[in-house]
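# Coordinates in review
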Amino acid sequence: MKLQQRMNRRALTLGALAVSGALALTACGSDDTGTASTDPSTSTAAGAIKCDDAKGQLLADGSSAQKNAIDAWVKQFSTACGVQINYKGGGSGAGVTAFTQGTVAFAGSDSALKPEEVTASKAVCTGGQAIDLPMVGGPIAVGYNVPGVDNLVLDATTIAKIFDSKITNWNDAAIKALNPDATLPDLKIQAFHRSDESGTTDNFTKYLIAATPDNWKYEGGKAWQAKGGQSASGSSGVAAQVKQTSGAISYMELSYAKDGIAAASLDTGAAAPVEATVDNATKAIAAAQVVGTGSDLALKLDYATKAEGAYPITLVTYEIVCDKGNKADTLPATKAFLTYIAGEDGQKLLTEAGYAPIPAEIIAKVRTTIAGLS
């Protein structure tokens, strides 16, 4: 095995990445089977991956928003190190539950751990507890499918009323006022939300609570609370519904807003509407503050920002691991994989795949924390 790993690393350094040797992920019942929007075999220096003592396989679950990034990373890492990684992508709620039950090596969540989840983690993190490591950033696109409308502007108030079933037709006066030059059809709005517990839902509703509290009276959280609308499981599930349903709208990570799904621009109160792009999300995430304590690096985002060019509906996906007490048989592979994805090459791949890298000052702290995992 070590000889093969040395051969793999030598081949990768020469740029001859054997794509056929990459692991084919299975979704294990998850509906999130989307692939990354870029081919990592040509986009990053996989030869720089340090395998160390990584071996065997890793099971992981969680955020479907980051699954396209995870798929791309796994393709690189597995080819370099021979480690099998199965990331289910069943949603943030499922991932955190699986982690606190001890069934996965790490989890992905688009929301930082709650105090009760940290407490629960102590049963599986011997002598330690679960921590949040911010790893993937990106915009949550408000994706829509409206025939004849390629450029749509919405604001927080209008979005809130759409998802609260108070604006029900695409030619509503409020939407017309924001889009005076668009030909809006007399078409029923089909609003889709996540059926599973989702960090994307949590971040999307945090935006509505912060930006238009008078029009969004719900508490927020991973579970959808507003009445009405239709539901689907996972980011790929809501994206599929929007793609195939005329008049549909939903919220999803930007990498899923493609192939027939357009993303609305936001009127934030800045001088011009802000598009859902990686660069614009990065401007918003760069203002995030670390609010976690100790090894925990949970962030506070400003969902109500009106800064020029800053797209406020963003999320940061955390990888959840034990600071101490990780299982001995999976710790080497977990550390090696996290070291790679937090490294320069791993973070570079995010931009190419439609995600936003974590700001330099924060990702430096993530790398230091990963090095100290035990």
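Report on the accompanying structure. (Residues numbered from 1 in each chain as written. Predicted model: local features only at pLDDT ≥ 70, side-chain atom pairs only at ≥ 80, totals over all residues. Heavy atoms only, no water.)

Turning to the pairing of strand S3 (residues 106-109), a few remarks are in order. Residues of S3 alternate between two faces, with Phe106 and Gly108 on one and Ala107 and Ser109 on the opposite face, all of them buried. Here strand S1 (residues 57-62) runs beside S3; their pairing, made up of three bridges, is parallel. For Gly62, the partnering residue across the bridge sits in S3 and is Gly108. Pairing of S3 with strand S13 (residues 314-322), which is carried by three bridges, proceeds in the antiparallel orientation. By the bridge assignment for S13, Ser109 is matched with Tyr318. (Buried < 20%, exposed > 50% of the residue type's maximum accessible area, 1.4 Å probe, protein only. Helix = DSSP H or I, 4+ residues; strand = E, 2+ residues; numbered from the N terminus. Pairing = 2+ DSSP bridges.)

Orientation of helix H10 (residues 331-342) relative to helix H12 (residues 360-371), taken along the N-to-C sense of each, is 165 degrees, at an axis distance of 10 Å. Judged by the inter-axis angle, H10 sits roughly antiparallel to H12. Considering how the two elements wind past one another, H10 and H12 form a crossing that is left-handed. On the side of H10, the interface is formed by Lys335, Leu338, Thr339 and Ala342, while H12 contributes Ile363, Val366, Arg367, Ile370 and Ala371. Here the residues of the contact of H10 with H12 are counted per class, giving six nonpolar, one polar and two charged. (Axes fitted to C-alpha atoms, helices over the stretch in contact; angles between N-to-C directions. Parallel < 35°, antiparallel > 145°, perpendicular 65-115°, else oblique. Left-handed = near helix turned anticlockwise from the far one by under 90°. Contact = heavy atoms within 4.5 Å. Nonpolar A, V, L, I, M, F, W, Y, C, P; charged D, E, K, R; others polar.)

Further remarks concern empty space enclosed by the protein. One pass over the structure, following the stated rule, counts two cavities of 30 Å³ or more. Of the voids in this model, the largest cavity is the one considered here, and its volume is about 100 Å³. Surrounding the largest cavity, Phe99, Gly102, Val104, Ala105, Val124, Cys322, Gly325, Asn326, Lys327 and Thr330 form its lining. Here the residues of the lining of the largest cavity sort into five nonpolar, four polar and one charged. Approximately 40 Å³ is the volume attributed to the second largest cavity. Contributing to the lining of the second largest cavity are Thr201, Thr205, Trp216, Tyr218, Gly220, Gly221, Ala223, Trp224, Gln225 and Ala226. In terms of residue class, the lining of the second largest cavity is made up of five nonpolar, five polar and no charged. (1 Å grid on protein atoms, 1.4 Å probe; cavity = no way out; pocket = protein on both sides within 12 Å on 5 of 7 lines; lining within 4 Å. Points joined across faces, edges and corners; volume = space filled by probe spheres on them.)

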